[in-house]
Amino acid sequence: MIDISQVRADTPGCHDLVHFNNAGSSLPTRQSVDAQIEYLRAESRLGGYETKDAYSSQIEDTYQAVAELIGANRSEIALTSNATESLELAVASLWLGEGDRILVAESEYASNVIYYLHLAKMSGVVVEAIPNDDDGQTDAAALASMIDESVKLVSISHMPTNGGLINPAAAIGSVTRDAGIPYMLDACQTVGQLDIDVETIGCDMLAATGRKYLRGPRGTGILYVRQTFRDQVEPPFLDLHGAEWDALESYTPDPTARAFETWEFPYSAVVGLGVATRYALDVGLPNIEHRVIELAAQLRSQLSAVDGVTVRDLGANRGGIVTFTQDGTDSSELSQRLHGAGYNTSYTTPISTLRDAVNRNLSDMVRASVHYFNTTEEIDRVVAAVAAE
Ligand SMILES: Cc1ncc(COP(=O)(O)O)c(C=O)c1O
């Protein structure tokens, strides 16, 4: 059970507004913010390099906490600036070429697809979408039927940016494992929201971000690379942090995921990410997942009861992102009006998940994404505000 009054007391932002934009950037805890401010103050007193030395155990604990969060080992974690960077670094390490096929979800995020189309243009890879099943989720059986030796990557968003759909990540992992094909899971929307275990899922790489459901600082990202997979890939960029220049004509890359990092970091943010991750672990990921799913289901059900409102989320299993439209109302304007009334939502446009938008003939949708610190009373209020439109 989550102590809601405690987590709300730890979340200064939720006293002044109703935050349903956790899929954009969630409200950080005061603990994470305080840790960052304290770190910056230490830097101004001690010097940047000296502060890093003084905080080395906290910095290392960020890797440990992130590893615990997803069921990995510390050596399998690299820190980056965002989920896109994590995904692109890891996929670039596959050095894909002419005729190599990349299979993606129908609802894949625009940045991922843009990068894969760029690889198609620059290196001749082929990008194809895996069909959805009747529930609108990536169909693991259809994936299995697409596999042949030209498939060199399966890349799926665990939860798309435009709806609460939870893709069957473990069923997909079972197909990729059987076929021995690299599997990238974009868990940008699910890390910090769902109880994720990379062993159960069977992904080789996972990309996530700090600022969304993990409630960490902006400008932080997470990359998981399975150790047995790390042994088979070569990172695209290296420096003296990710490798050692051990003889005049040779170098040795770091054998762990840290080979994907470069030397310089915003260490205040790294520490803040660690504190945010420890906070999530303390609240308990099973508790968080349970509450987020419950609150989102309540929001969907109440919105569906409002005249003219259509909830647009797909999936047999659905999480914290709720997307909807209201007849005769422009979604971006509705989201802005809600913002004016103290309710943070956002809106998604077709270009964020173009293939899904084209398939479903979607236009802009309001996106209201709940987190565990939200309350049923906040849901009542935002639904009433939508109904009053
Ligand atoms: C599903 C999904 N993947 C990737 C991203 C990109 O994350 P970042 O901005 O941290 O690179 C987003 C951002 O909204 C997302 O929703």
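Below is a summary of the structure that appears in this document. (Residues numbered from 1 in each chain as written. Predicted model: local features only at pLDDT ≥ 70, side-chain atom pairs only at ≥ 80, totals over all residues. Heavy atoms only, no water.)

**Structural notes on the sheet that holds strand β2 (residues 77-80)**
In step 1: Ordered by their spatial adjacency, 7 strands build an open sheet running β2-β8-β7-β6-β5-β3-β4, and the pairing between neighbours is mixed. Whereas interior strands pair on both sides, the edge strands pair on one side only; in this sheet they are β2 and β4 (126-130). Across this sheet, the average inter-strand angle for adjacent strands is 20°, counted without regard to direction.
In step 2: Sheet analysis places strand β3 (residues 101-105) next to strand β5 (residues 151-157), joined by 4 bridges and oriented parallel. Within β5, the position partnered with valine 104 by the bridge is serine 155.
In step 3: Each of β2, β7 (205-209) and β8 (221-225) is contacted by helix α4 (residues 56-70), which is oriented at about 115° to β2, the strand it contacts most.
In step 4: Packing of helix α5 (residues 83-92) onto the sheet brings it into contact with β2, β5, β6 (183-186), β7 and β8, and relative to β7 it is tilted by some 160°. (Pairing = 2+ DSSP bridges. Helix = DSSP H or I, 4+ residues; strand = E, 2+ residues; numbered from the N terminus. Axes fitted to C-alpha atoms, helices over the stretch in contact; angles between N-to-C directions. Contact = heavy atoms within 4.5 Å.)

**A short note on the packing of aromatic side chains**
In step 1: Summed over all chains, the structure comprises 5 aromatic pairs.
In step 2: A ring pair is formed by tyrosine 115 and tyrosine 116, whose centres lie 5.9 Å apart and whose planes are at 45°; its orientation type is tilted.
In step 3: When its relative accessible area of 11% is taken as the criterion, tyrosine 115 is described as buried.
In step 4: The exposure class assigned to tyrosine 116 is buried, which follows from its relative accessible area of 0%.
In step 5: On the basis of an interplanar angle of 75° and a centroid distance of 6.1 Å, the ring pair of tyrosine 372 and phenylalanine 373 is categorised as edge-to-face. With respect to class, tyrosine 372 is no different from phenylalanine 373; both count as buried.
In step 6: One residue, arginine 258, lies across the ring of tyrosine 63, its end atom 3.6 Å from the ring centre. (Phe/Tyr/Trp six-rings, centres within 6.5 Å; stacked < 30°, edge-to-face > 60°. Buried < 20%, exposed > 50% of the residue type's maximum accessible area, 1.4 Å probe, protein only. Lys NZ or Arg CZ within 6 Å of the ring centre and 35° of its normal.)

**Description of the site of the ligand**
In step 1: In the vicinity of the ligand, the contacting residues are Asn82, Ala83, Thr84, Tyr109, Met159, Thr161, Asp186, Cys188, Gln189, Thr209, Arg211 and Lys212.
In step 2: Side-chain polar atom of threonine 161 to an oxygen atom of the ligand: 2.9 Å apart, as the coordinates give it.
In step 3: The side chain of lysine 212 places a nitrogen or oxygen atom 2.9 Å from an oxygen atom of the ligand.
In step 4: Protein contact buries 91% of the 400 Å² of open area that the ligand shows by itself.
In step 5: Its residues assigned to classes, the shell around the ligand comprises 4 nonpolar, 5 polar and 3 charged. (Near = heavy atom within 4 Å. Polar contact = N/O pair within 3.5 Å; in protein donor to acceptor, adjacent residues only side chain to side chain. Areas by Shrake-Rupley, 256 points an atom, 1.4 Å probe, with all protein chains shown as cover. Nonpolar A, V, L, I, M, F, W, Y, C, P; charged D, E, K, R; others polar.)

Function-wise, these values are silent; they only describe arrangement.
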